[in-house]
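# A look at the structure
Given next are the chains, with one letter for each unit.
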Amino acid sequence: MKSLTVLLVFILNLAITNGQIEDESDSNKAALGVPYAVGNPITVSNVCSFPENWHRIAGFRALTARLGIAIQSDSYKELLNYPGTFQLTTQQSSTTKPNFQISGLVGTLYGLTIIPSYLLIELTGYFVPPTSGEYTFSLEGSDDAAIIFIANPSTFKCGHVDDWPTAYDNDVTVTDSIHTTRTIYMIEGVAYPIRIAYYNGLSLGKLQASFTDPEGVKRVDWNGYIWRYDACDTCS
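Residues numbered from 1 in each chain as written. Predicted model: local features only at pLDDT ≥ 70, side-chain atom pairs only at ≥ 80, totals over all residues. Heavy atoms only, no water.

By the definition in use, this model includes two disulfides. Here cysteine 232 is linked by a disulfide to cysteine 235, with a sulfur-sulfur distance of 1.9 Å. Across the S-S bond linking cysteine 232 and cysteine 235, the dihedral sits near 80°, which makes this disulfide right-handed. Take cysteine 232: its relative accessible area is 4%, and that puts it in the buried class. Along the protein, the cysteines engaged in disulfide bonds are linked according to the scheme 1-2, 3-4 when indexed in sequence order. (Disulfide = S-S within 2.5 Å. Buried < 20%, exposed > 50% of the residue type's maximum accessible area, 1.4 Å probe, protein only.)

Moving on: the packing of aromatic side chains. Overall, the coordinates contain 16 aromatic pairs when judged by the stated rule. On the basis of an interplanar angle of 90° and a centroid distance of 5.0 Å, the ring pair of tyrosine 126 and phenylalanine 156 is categorised as edge-to-face. Here phenylalanine 156 lies in the loop between strand E11 (145-150) and strand E12 (174-175) and tyrosine 126 lies in strand E9 (residues 119-127), a separation of 30 residues in the sequence. The pair tyrosine 126 / phenylalanine 156 is uniform in exposure class, with both members buried. The structure contains a cluster of three or more aromatic residues connected by ring pairs, namely Phe60, Phe127, Tyr135, Phe137, Phe211, Trp222 and Tyr225. (Phe/Tyr/Trp six-rings, centres within 6.5 Å; stacked < 30°, edge-to-face > 60°. Helix = DSSP H or I, 4+ residues; strand = E, 2+ residues; numbered from the N terminus.)

Turning next to a nonpolar patch on the surface. A cluster of nonpolar side chains, contributed by Leu105, Val106 and Ile115, occupies part of the molecular surface with about 320 Å² of accessible area. Assignment of secondary structure puts valine 106 in the loop between strand E6 (100-102) and strand E7 (107-109). Judged by relative accessible area, which is 58%, valine 106 ranks as exposed. (Patch = residues over 30% accessible without salt bridge, like charges linked within 9 Å, V, L, I, M, F, W, Y side chains within 5 Å. Areas by Shrake-Rupley, 256 points an atom, 1.4 Å probe, with all protein chains shown as cover. Salt bridge = Lys/Arg side-chain N within 4 Å of Asp/Glu carboxyl O.)

Attention shifts here to the sheet that holds strand E13 (residues 181-186). Sheet strands pair by backbone hydrogen bonding; their relative direction is either parallel or antiparallel. With respect to topology, four strands assemble into an open sheet ordered E13-E10-E16-E17, the strand pairing being antiparallel. Two strands in the sheet have a free side with no partner beyond their single neighbour: E13 and strand E17 (218-219). Two elements, strand E10 (residues 133-139) and strand E16 (residues 209-212), share four bridges in a ladder whose sense is antiparallel. If you follow serine 138 over to E16, its bridge partner there is serine 210. (Pairing = 2+ DSSP bridges.)

Between aspartate 143 and the following residue, aspartate 144, the backbone shows a cis peptide bond with an omega angle of 10°. Along the chain, the position of aspartate 144 falls in the loop between E10 and E11. At tyrosine 110, a position not held by glycine, the phi torsion is positive, near 55°. Locating tyrosine 110 in the fold gives a position in the loop between E7 and strand E8 (112-114). Its relative accessible area of 13% is what places tyrosine 110 among the buried residues.

For the rest of this paragraph, the subject is the pattern of salt bridges. Note on pairing: side chains with opposite charge can pair once their charged atoms come close. According to the stated counting rule, one finds five salt bridges in the structure shown. Its salt-bridge partner being aspartate 162, residue arginine 61 comes within 4.0 Å of it at the nearest N-O pair. Of the two residues, arginine 61 sits in strand E4 (residues 60-66) while aspartate 162 sits in the loop between E11 and E12, which places them 101 residues apart along the sequence. Linking lysine 77 and aspartate 169 is a salt bridge whose minimum nitrogen-to-oxygen distance equals 2.5 Å. Here lysine 77 is found in the loop between E4 and strand E5 (90-95), whereas its partner aspartate 169 is found in the loop between E11 and E12, with 92 residues between them in sequence.

What follows deals with the pairing of E13. Most of E13 is tucked away, with five of its six residues classed as buried. Of the pairings in the sheet, the one linking E10 to E13 comprises six bridges and is antiparallel in character. Its bridge partner being in E13, serine 138 is matched across the sheet by threonine 181.

Residue position: asparagine 46 is located in the loop between helix H2 (26-32) and strand E3 (56-58). Looking at asparagine 46, its side chain comes within polar contact range of the main-chain oxygen of asparagine 152, at 3.4 Å. At 2.9 Å, the side chain of asparagine 46 and the backbone oxygen of phenylalanine 156 are in polar contact. When near neighbours in sequence (up to four residues on either side) are disregarded, asparagine 46 contacts Ala151, Asn152, Thr155, Phe156, Cys158 and Pro193. (Polar contact = N/O pair within 3.5 Å; in protein donor to acceptor, adjacent residues only side chain to side chain. Contact = heavy atoms within 4.5 Å.)

Attention now moves to the confidence of the model for the protein. On average, residues of the protein score 82 in pLDDT, and 79% of them are at 70 or above. Contacts for the low-pLDDT stretch residues 1-39, under 50 throughout, to residues beyond four places or in other chains number 39 contacts. (pLDDT = per-residue confidence, 0-100.)

See below:
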């Protein structure tokens, strides 16, 4: 009877994720460097570690580009086409405040002069939590469409925040039409690649990306959490 009880306790401490049995305890997850969230699991396959005192600066890399007119209006799938084989003229800035509302013929965004129509934006950086716990990432009312990719191959390779990989549908973490919020258990000090992709077709455009920290505070200013580290070929 004692052996049966031990077996049942062991089974209750296991969870099946993507067909594999994984230990669900915080200590084992932290040791493996694999974040999770009970009840809302996602695949996290790309987390990074940098040497102590490796140079970094605050903020997302903010890249803007002008698209052609033949785009899928209001569909997040349009964002899976880039960069692909497209040759886009881009301009670059930095920000810890990604959100905006734009309209008109010409505007200013992240300190850059932009044309709001047919606008593509790529925001990349490392989300580095100052404390371990559950972080909930959200998109609200994107116009035309936006995606958040977190810690998967569609973000960027560790140590190369300026890379711009082709995105894949299976890597979508948050988007308005499928998952408006996703929760991830994150480990203090680990660098999680994050990429926010956005585009606007005609007229008014809007991005409202936020996260809620383990204390329940909703944040739209990502300062203190989002960083860009210098290039590192040996960081992983």
